[in-house]
Amino acid sequence: MSFLSSLFGDSDQNKSSETKINWIPLTSLEQLDEIETASKDKQILIFKHSTRCSISRMALKQFEKEFDLDNKVNAYFLDLIAYRDVSNEIASRFNVVHQSPQLLLIKDGKSIYNASHSDIDAEVLKSKV
């Protein structure tokens, strides 16, 4: 393991083994249609993450430590560097300003809550679900 990896953590590929969140990878525009439909039955969480940003990495790690809503929401994870078109469509479709990192809560096909950077807080999210 390199010095920087030990200091800042290895790649985001390790996140699945370190988290209790059952992330669903968000990788296509078609999934946004599915999210809109599914959000009529169960609220959807979207976490937009930049793999190039240390602030985004810190926000993600903190959120993952505090999150305990697996039964109440379906959680989608977007690597916005790899899937920029999906990130852009999220901003347009859910009428939010693009941020990174960013957390959105989708209900009935609409974003009912979004937060970015240090405002991403699992405790605040609990009060919205």
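Residues numbered from 1 in each chain as written. Predicted model: local features only at pLDDT ≥ 70, side-chain atom pairs only at ≥ 80, totals over all residues. Heavy atoms only, no water.

Trainee: Can you walk me through the pattern of salt bridges in this structure?
Mentor: Between side chains of opposite charge, a pair can form as their charged atoms come close. Taken as a whole and judged by the stated rule, the model has five salt bridges. Between lysine 126 and aspartate 68 there is a salt bridge; the shortest N-O distance is 3.1 Å. Taken as a pair, lysine 126 in helix H6 (residues 122-128) and aspartate 68 in the loop between helix H4 (54-66) and strand E3 (73-79) lie far apart in primary sequence, 58 residues in all. Residue classification places lysine 126 among the partly exposed positions, given a relative accessible area of 26%. One connected set of salt bridges, linked through shared partners, spans Asp33, Glu36, Glu89 and Arg93. (Salt bridge = Lys/Arg side-chain N within 4 Å of Asp/Glu carboxyl O. Helix = DSSP H or I, 4+ residues; strand = E, 2+ residues; numbered from the N terminus. Buried < 20%, exposed > 50% of the residue type's maximum accessible area, 1.4 Å probe, protein only.)

Trainee: Can you walk me through the packing of aromatic side chains in this structure?
Mentor: Two measures describe an aromatic ring pair: the distance that separates the ring centres and the angle between the ring planes. All chains considered together, the criterion is met by five aromatic pairs. Each ring, one from phenylalanine 47 and one from phenylalanine 63, has its centre 5.8 Å from the other, and the planes form 35°; the classification is tilted. Remark: phenylalanine 63 occurs in helix H4 and phenylalanine 47 occurs in strand E2 (residues 43-49); sequence separation between them is 16 residues. With respect to class, phenylalanine 47 is no different from phenylalanine 63; both count as buried. A network of ring pairs unites the aromatic residues Trp23, Phe47, Phe63, Phe67 and Phe77 as a single cluster. (Phe/Tyr/Trp six-rings, centres within 6.5 Å; stacked < 30°, edge-to-face > 60°.)

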